[in-house]
Amino acid sequence: MIVIRTPEEMRAWAFEQRGAGRSIGFAPTMGALHAGHVSLLEAARAQNDLAVTSIFVNPTQFAPHEDFDAYPRTWETDSAKAEAAGMDVIFAPTASSMYPDGYSTYVTVEGVSEGLCSKSRPHFFRGVATVCTKLFNAVLPTRAYFGQKDAQQCAVIKRLVRDLGLGIEIVEMPIAREDDGLAMSSRNAYLQNGERERAQCLSKALREAEALMRDGERDTARLTAAVRGSLTGADTIDYVELVDAESMQPVDAIAGPVTLAVAAYVGKTRLLDNIKFIP
Ligand code: PAF
């Protein structure tokens, strides 16, 4: 496994591999790798000739008041996990090689990146779409792997790749969960003792709503009210929304594939979870 530090060197390596006809699987991350990330790395490894992960805490997706400085940085354990998962390359670019002085170009994906997370994090998807475009330009992946936990991010990246004709297959991997159901996230490390137990309420509320949907409930207002009523361990609910699974636009009732998505604070930690449902 090699570590590459600049987009130019990454692209030179990828260009040579793709030119030789080899496929590249790519799992972009911000590090602090947990089992959910590892499932992306392993899929990238299994489905391609070569596998690359990136570790880059992307400043443009954090607002000034957010946790960019506090975000966990765990290079030693991350590189060991990447090596164990069979990565050929860790792309860990320096901030200045990604965003040189005077940087002024951003990618905005309209519609699908509005609502849900962008209501409380309006800067977020522009930062994600920009960095993923830059990472894709450097890694030249055949397939790129994202986790369903960040459902709106997945939808944004799929739309970005389709609209710009990037020719990359986006593979959405199922949510990896702790034994008690909590969706795995690097930010779970922020949870204090009692908060960790209370955080289970997100997945439990979604499981209960899924049972209602399987029993035939199709009404958005009743489903979201049921989820809100079950989020007893959350301190603040950011949103509970039922949206079209592709466009991420709200629906009044279930008539096709949907995502039921939750964002809530337990203590100071903002947690996300969701389920997809196809009637
Ligand atoms: O999901 C993440 O870890 C990040 O948003 C991503 C896709 C690596 C972009 O910085």
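Residues numbered from 1 in each chain as written. Predicted model: local features only at pLDDT ≥ 70, side-chain atom pairs only at ≥ 80, totals over all residues. Heavy atoms only, no water.

## Some remarks on the packing of helix α6 (residues 124-139) against helix α7 (residues 151-163)
Following both chains from N to C, one finds α6 and α7 inclined at 50 degrees, their axes separated by 10 Å at the closest point. Relative to α7, α6 is oriented oblique. In this structure, α6 meets α7 at a crossing whose hand is right-handed. Taking contact as the criterion, the partners of Phe124, Phe125, Val128, Ala129, Cys132, Thr133 and Phe136 in α6 are, on α7, Gln152, Gln153, Val156, Ile157, Leu160 and Val161. Of the residues assigned to the contact of α6 with α7, the class counts are 10 nonpolar, 3 polar and no charged. (Axes fitted to C-alpha atoms, helices over the stretch in contact; angles between N-to-C directions. Helix = DSSP H or I, 4+ residues; strand = E, 2+ residues; numbered from the N terminus. Parallel < 35°, antiparallel > 145°, perpendicular 65-115°, else oblique. Left-handed = near helix turned anticlockwise from the far one by under 90°. Contact = heavy atoms within 4.5 Å. Nonpolar A, V, L, I, M, F, W, Y, C, P; charged D, E, K, R; others polar.)

## Let's talk about the pairing of strand β2 (residues 24-29)
With 6 of 6 residues buried, β2 is to be regarded as a mostly interior element. Judged by which residues are buried, β2 turns out to be covered on both faces: Ile24, Phe26 and Pro28 on one side and Gly25, Ala27 and Thr29 on the other are all buried. Relative to strand β3 (residues 50-55), β2 is paired through 6 bridges, and the arrangement is parallel. Residue pairing across strands places Phe26 opposite Val52, the latter belonging to β3. (Buried < 20%, exposed > 50% of the residue type's maximum accessible area, 1.4 Å probe, protein only. Pairing = 2+ DSSP bridges.)

## As for the nonpolar core
Ranked by internal contacts, the top residues of the largest apolar core, which has 46 residues, are Met10, Trp13, Val52, Phe136 and Ile157. Broken down by element, this core gets its largest block of residues, 10 residues, from α6. Once you skip the residues sitting within four places of it in the chain, Phe136 turns out to touch Phe26, Pro141, Ala144, Phe146, Ile157, Leu160, Val161, Leu166, Ile168 and Ile170. Residues Leu182, Ala205, Leu242 and Ala264 belong to the second largest nonpolar core, which totals 25 residues. (Core = buried A, V, L, I, M, F, W, Y, C linked by side-chain atoms within 4.5 Å.)

## Some points on empty space enclosed by the protein
Enumeration according to the criterion identifies 1 cavity of 30 Å³ or more in this entry. Lining the largest cavity are Lys149, Leu182, Ala183, Ser185, Asn188, Leu202, Leu271 and Leu272. (1 Å grid on protein atoms, 1.4 Å probe; cavity = no way out; pocket = protein on both sides within 12 Å on 5 of 7 lines; lining within 4 Å. Points joined across faces, edges and corners; volume = space filled by probe spheres on them.)

## Some words on the site of the ligand
Inspection of the region around the ligand gives Pro28, Thr29, Met30, Asn58, Gln61, Val128, Val131, Cys132, Phe146 and Gln153 as its neighbouring residues. Side-chain polar atom of Gln61 to an oxygen atom of the ligand: 2.7 Å apart, as the coordinates give it. Here an oxygen atom of the ligand and a side-chain polar atom of Gln153 are 2.8 Å apart. Across the complex, the protein chains shield 89% of the 290 Å² of accessible surface that the ligand would expose by itself. Among the secondary structure elements, those contributing two or more residues to the shell around the ligand are β2 and α6. Among the elements that make up the shell around the ligand, the one with the highest residue count is α6 (3 residues). For the shell around the ligand, the residue count by class is 6 nonpolar, 4 polar and no charged. (Near = heavy atom within 4 Å. Polar contact = N/O pair within 3.5 Å; in protein donor to acceptor, adjacent residues only side chain to side chain. Areas by Shrake-Rupley, 256 points an atom, 1.4 Å probe, with all protein chains shown as cover.)

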